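# Coordinates in review
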Amino acid sequence: AEEDGAVVGAGYALTGWHTPPHRAIGSALVVPEHRGHGVGDELRETIEGWARDHGATELDAAVAEDDPSSLAWASARGYEEAGRNSRLVLDLTAIEAPGVTPPPGIEIVTWAERPELAEGLWEVAREAGPDIPGEEETDAGPFEEWLERDMRGSGDRPEAVFVALEDGEVLGFAKLSLTAKRTDRAFHDLTGVLRAHRGRGIASALKATQIAWAKENGYQSLQTSNEVRNAPIRHLNAKHGYVLE
C-alpha cells in the first residue's frame, strides 16, 4: 500500500505452511500514523480474497497480545482468538550452564553427529506438532518437504538440533533456530517427544542441553513462544528460569 510514493502498509498470505488445506495464513500491517484511514481494510480484503481464490475457508492471522487496538480491530471484522502464544526469554548471562543428566538409557547427540537420524526426527515432529494446543490440525507433511521446509532453512544448523536416543531409536528432539540479525539470541523451535516416552524427563534433558550449548557458544539469551494452554512445556520453561518478555 503506497501513498504519494511512500509505503504505508503491507500484507502477505500463504497456504501450506503447517496448516490444513482449508486454512491460509495472512497478515495486514499498517504504519501507525497511517492507521484509521482504511488502508488496513483494503489489505485485509485483498488477503482474504487471495485466500479464497486458493481454496481456503479460514484465515489465521497473528496479533500481538499487548496491542489492544489491533485486537479490537480484528475482532470487529469477525476474527476470533484461537490460540495465544506468549514470548518467554531466558537470560543466559544471569545463570550458570546447567548440568545435563539424561534419564537412564537415554543418550543425547546432535543431528550433525548423526545425520542419518533425519527420518526419526520427522516421526517425532509428526506426532508432537498436533499435540500442541491450537495446533491439532498441524501436518508435518511428507518427509522430504518437511526436511527442506523445517530443517534446512537459513537459520537451521544441524549442530543446534539435539536428539534423544534409546537403543538407537529417536525418542525426541529439540531444535534451536539462529539468525544473523540477532547474534546475541537463539530461538527455540520445536521440542518434541514421542507420546509413549513422555514423562521420563527426556524433554527436560534436551532443554538443559540447549541452554548449555547456547551459553558455550556465546549467546546471551534464549527466546521461546509457548501456547498458554501448553502446561507441560510452560512448567518446564519456568523451572529453567524463563520469564515473560
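Residues numbered from 1 in each chain as written. Predicted model: local features only at pLDDT ≥ 70, side-chain atom pairs only at ≥ 80, totals over all residues. Heavy atoms only, no water.

A positive phi is found at Asp4, a non-glycine position, where the angle reads about 55°. Positive phi outside glycine occurs at Asp167, with the angle close to 55°. In this fold, Asp167 is placed in the loop between strand 8 (161-166) and strand 9 (169-177). A relative accessible area of 81% means that Asp167 is categorised as exposed. (Helix = DSSP H or I, 4+ residues; strand = E, 2+ residues; numbered from the N terminus. Buried < 20%, exposed > 50% of the residue type's maximum accessible area, 1.4 Å probe, protein only.)

Glancing now at the pairing of strand 9. Side chains on a regular strand alternate between the two faces of the sheet. Taken across its 9 residues, strand 9 has 7 buried, putting it largely inside the fold. As judged from the 6 bridges shared by strand 8 and strand 9, these two strands associate in the antiparallel manner. Looking at the pairing, Val161 lines up with Lys175 of strand 9. Where strand 8 folds back on strand 9, the antiparallel hairpin that results is connected by 2 residues, among which Asp167 adopts a positive phi of roughly 55°. Bridge analysis of strand 9 against strand 10 (residues 185-193) gives 5 bridges, and the strand direction is antiparallel. Paired with Ser177 across the strands is Phe187, a residue of strand 10. (Pairing = 2+ DSSP bridges.)

Spatially, the 3 strands line up as an open sheet ordered 3-4-5, and their pairing is mixed. Either end of the sheet is taken by a strand with one partner, and the two such strands are strand 3 (9-15) and strand 5 (58-60). Within the sheet, the average angular offset between the axes of one strand and its neighbour, ignoring direction, is 30°. As defined by bridge partners, strand 4 (residues 23-30) adjoins strand 5 across 3 bridges and the pair is classed as parallel. Its bridge partner being in strand 5, Arg23 is matched across the sheet by Glu58. (Axes fitted to C-alpha atoms, helices over the stretch in contact; angles between N-to-C directions.)

Another aspect to go through is helix 1 (residues 39-53). Its 15 residues place the ends of helix 1 21 Å apart at the C-alpha level, agreeing with the 21 Å of an ideal helix rising 1.5 Å per residue. For helix 1, the complete set of buried residues consists of Val39, Gly40, Leu43, Arg44, Ile47, Glu48, Gly49 and Ala51. Taken together, the buried residues of helix 1 touch strand 3, strand 4, strand 5 and helix 2 (68-76). Once helix 1 ends, the next one or two residues include Gly55, with phi positive near 85°. (Expected span 1.5 Å × (residues − 1). Contact = heavy atoms within 4.5 Å.)

Counting residues in hydrophobic clusters, the biggest one holds 41 residues, and the most contacted among them are Trp111, Leu121, Trp146, Val163, Phe173, Trp213 and Leu222. The set of elements that each furnish at least two residues to this core consists of strand 6 (85-91), helix 3 (118-128), helix 4 (143-150), strand 8, strand 9, strand 10 and helix 5 (202-216). (Core = buried A, V, L, I, M, F, W, Y, C linked by side-chain atoms within 4.5 Å.)

Here we come to the packing of aromatic side chains. For the structure shown, the criterion picks out 4 aromatic pairs. Centroid distance Trp213 to Tyr219: 6.1 Å. Interplanar angle 25°. Geometry classified as stacked. The class for Tyr219 is buried, based on a relative accessible area of 13%. Residue placement shows Arg149 over the ring face of Trp17; its charged tip is 5.7 Å from the ring centre. Between the NZ or CZ atom of Lys207 and the centre of the ring of Tyr242, over which it lies, the distance is 5.2 Å. (Phe/Tyr/Trp six-rings, centres within 6.5 Å; stacked < 30°, edge-to-face > 60°. Lys NZ or Arg CZ within 6 Å of the ring centre and 35° of its normal.)

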